[in-house]
Amino acid sequence: MRSLPPLALAALTLSVAGGASASPWTLPAGEAAFVGTFDFEVADEEYLDDGGARAFPLEGRYRAATYTAAARFGLTDRFELEIALPVKQVAYTSDPVVLLPAPADAASPFDYYQENVIDLSRSVTGLGDLRVSARYQLFRGPVVGAFELGLKSPTGYEPPAGTFGERPASSAAFLADVGRFVTPDNVQDDVTLGDGQFDVVPGFLLGWAGRQGTFVRLDTGYAVRLGGAGDEIRGGLKVGQLVGGHVVLYAGVDGEYAVTDGKVIGISVAAQDPELPAVEYGGTNNLDLREVRLEHDRVRIAPGAIVRVAPGVEINLSYSRTLFGRNTAAIQGFSVGVGMRTRLAE
């Protein structure tokens, strides 16, 4: 049985729990790592097309809780497979609002307002995206390099859409018949378990582990996003230090940048002044129409610690925060992962 150096083991065993499903340190043949991770995310701000973060309108709040079960298997000393499947609960809450005034010919303005209260609050629970990855270690030594091919597949959940569904797909068409689209029955929004499309992600992983307990990882990849989503360049950098023989402190930054246009999935109604309370909305005076595309940009930081609690058993604690982006929430995340490494065959 070929054993791994302690630092390499700490750096790779909980790669899923650490928020990056990639490591150039592949598992030896016949070994496996099983990881369970709980993530909790919160946000009360978002990034739209440009500029900094701004509050969700109508006192909006985003919450998500995810449990991910993942397993990695060393098929040879240089080749491994990984599979990960999350169970998620995603919720968005906001104050209800009436967006359109009662028409002049309404029989009863009171009845009209009662029937046209727009409530954007939504909650959904179920399986998220299934992810499968294969990694082949190209070279090893002080510097380790590996090629990765990742696949992501939806599991049958409802895909994201604009505030009032996928149609119409242009602001002009929306404004031409706004009364028909702005109704409580049409509210969908993008409270969903994923993007609802397939990804194929080839990538290159690079790592270095020093004798003094320092490691550095660099991950790069290109996501071919099928189903009309915009392709992305992805990358991440993580540095860590072994402390006291049982703890690894690390910090990382990762991100995605859309390099092609995604398809329009509907019209989103954004607020010109997101701080305006619901009772002060009147007609469309505080509304901006946005054509929502299936694409986004994001940069995130993620410091954390890996603690070895027993031979082959580790706990990963991490915090993450979205620094800036486009078409994404300004998320703060908290993660706890427990991983176990074991020998399946001699």
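So, here is what we can say about the structure in this document.

Conventions used here
- Residues numbered from 1 in each chain as written.
- Predicted model: local features only at pLDDT ≥ 70, side-chain atom pairs only at ≥ 80, totals over all residues.
- Heavy atoms only, no water.
- Helix = DSSP H or I, 4+ residues; strand = E, 2+ residues; numbered from the N terminus.
- Buried < 20%, exposed > 50% of the residue type's maximum accessible area, 1.4 Å probe, protein only.
- Contact = heavy atoms within 4.5 Å.
- Areas by Shrake-Rupley, 256 points an atom, 1.4 Å probe, with all protein chains shown as cover.
- 1 Å grid on protein atoms, 1.4 Å probe; cavity = no way out; pocket = protein on both sides within 12 Å on 5 of 7 lines; lining within 4 Å.
- Points joined across faces, edges and corners; volume = space filled by probe spheres on them.
- Pairing = 2+ DSSP bridges.
- Polar contact = N/O pair within 3.5 Å; in protein donor to acceptor, adjacent residues only side chain to side chain.
- Phe/Tyr/Trp six-rings, centres within 6.5 Å; stacked < 30°, edge-to-face > 60°.
- Lys NZ or Arg CZ within 6 Å of the ring centre and 35° of its normal.

1. A closer look at the overall build of the protein chain
Consideration 1: When helices and strands are tallied, the protein chain shows four helices and 19 strands.
Consideration 2: The proportion of buried residues among the 346 residues of the protein chain is 48%.
Consideration 3: Excluding contacts between residues fewer than 6 apart, the proportion of contacts in the protein chain whose partners are at least 24 apart in sequence is 67%.
Consideration 4: Taken as a whole, the protein chain presents about 16200 Å² of accessible surface, with 60% of it coming from carbon and sulfur.

2. Looking at empty space enclosed by the protein
Consideration 1: Counted by the stated rule, this structure contains four cavities of 30 Å³ or more.
Consideration 2: Each pocket or cavity is described by its volume, and for the second largest cavity that value is around 100 Å³.
Consideration 3: Taken together, 13 residues make up the lining of the second largest cavity; nearest its centre are Leu-58, Leu-99, Leu-120, Val-269 and Leu-287.
Consideration 4: Looking at the lining of the second largest cavity, the element that brings in the most residues is strand β13 (residues 264–271), giving three residues.

3. Observations concerning the sheet that holds strand β3 (residues 54–55)
Consideration 1: Read across the sheet, three strands follow the order β3-β2-β18 without closing on themselves; strand pairing throughout is antiparallel. In this open sheet, the two edge strands, each paired with only one partner strand, are β3 and β18 (328–329).
Consideration 2: With two bridges connecting them, strand β2 (residues 45–47) and β18 associate as antiparallel partners. The residue of β18 that forms the bridge with Tyr-47 is Thr-328.

4. Quick notes on the side chain of Lys-152
Consideration 1: One can find Lys-152 in strand β8 (residues 143–153).
Consideration 2: A polar contact is formed between the side chain of Lys-152 and the side chain of Gln-197, at a distance of 2.8 Å.
Consideration 3: Apart from the residues lying within four places of it in its own chain, the contact partners of Lys-152 are Asp-129, Leu-130, Arg-131, Asp-195, Gln-197, Phe-198 and Asp-199.

5. Observations regarding the pairing of strand β12 (residues 247–258)
Consideration 1: Bridge analysis of strand β11 (residues 232–243) against β12 gives twelve bridges, and the strand direction is antiparallel. Across the sheet, the residue bridging to Leu-237 is Val-253, located in β12.
Consideration 2: The turn linking β11 back onto β12 is made up of three residues, and Gly-244 within it adopts a positive phi angle of 70 degrees.
Consideration 3: By the bridge criterion, four bridges tie β12 to strand β16 (residues 304–310) in an arrangement that is antiparallel. What sits directly across from Leu-249, in β16, is Ala-305.

6. So, unusual backbone geometry
Consideration 1: The phi torsion at Glu-59 lies on the positive side, around 60 degrees, for a residue other than glycine.
Consideration 2: In this fold, Glu-59 is placed in the loop between β3 and β4 (61–74).
Consideration 3: The class for Glu-59 is partly exposed, based on a relative accessible area of 46%.
Consideration 4: Backbone geometry at Asn-327 places phi at a positive 60 degrees, although glycine is not the residue there.
Consideration 5: Within the element layout of this structure, Asn-327 appears in the loop between β17 (313–326) and β18.

7. What about the packing of aromatic side chains?
In this description, an aromatic ring pair is defined by two values, namely the gap between the centres and the angle between the planes.
Consideration 1: Here the structure, examined in full by the defined rule, presents four aromatic pairs.
Consideration 2: Ring geometry for Trp-25 against Phe-215: centres 6.4 Å apart, planes inclined by 80 degrees, an arrangement best described as edge-to-face. In this pair, Trp-25 sits in the loop between α1 (6–13) and β1 (31–43) while Phe-215 sits in strand β10 (residues 214–225), placing the two residues 190 residues apart along the sequence.
Consideration 3: Residue Trp-25 is classed as buried on the basis of its relative accessible area, which comes to 8%.
Consideration 4: Look at Phe-56 and Tyr-92: their rings are 5.3 Å apart centre to centre, the planes differ by 85 degrees, and that puts the pair in the edge-to-face class. Taken together, the residues Phe-56 in the loop between β3 and β4 and Tyr-92 in strand β5 (residues 79–93) connect sequence positions 36 residues apart. In this pair, the class of Phe-56 matches that of Tyr-92, namely buried.
Consideration 5: Note that Lys-238 overlies the ring of Tyr-250, its terminal NZ or CZ placed 4.6 Å from the centroid.

8. Structural notes on the environment of Ala-330
Consideration 1: Its location among the elements puts Ala-330 in the loop between β18 and β19 (332–343).
Consideration 2: Along the primary structure Ala-330 and Tyr-62 are separated by 268 residues, whereas in three dimensions their C-alpha atoms are 9.6 Å apart.
Consideration 3: In this structure Ala-330 touches Val-42, Ala-43, Glu-45, Glu-46, Tyr-47, Ala-53 and Thr-322, once residues within four positions along its chain are discounted.

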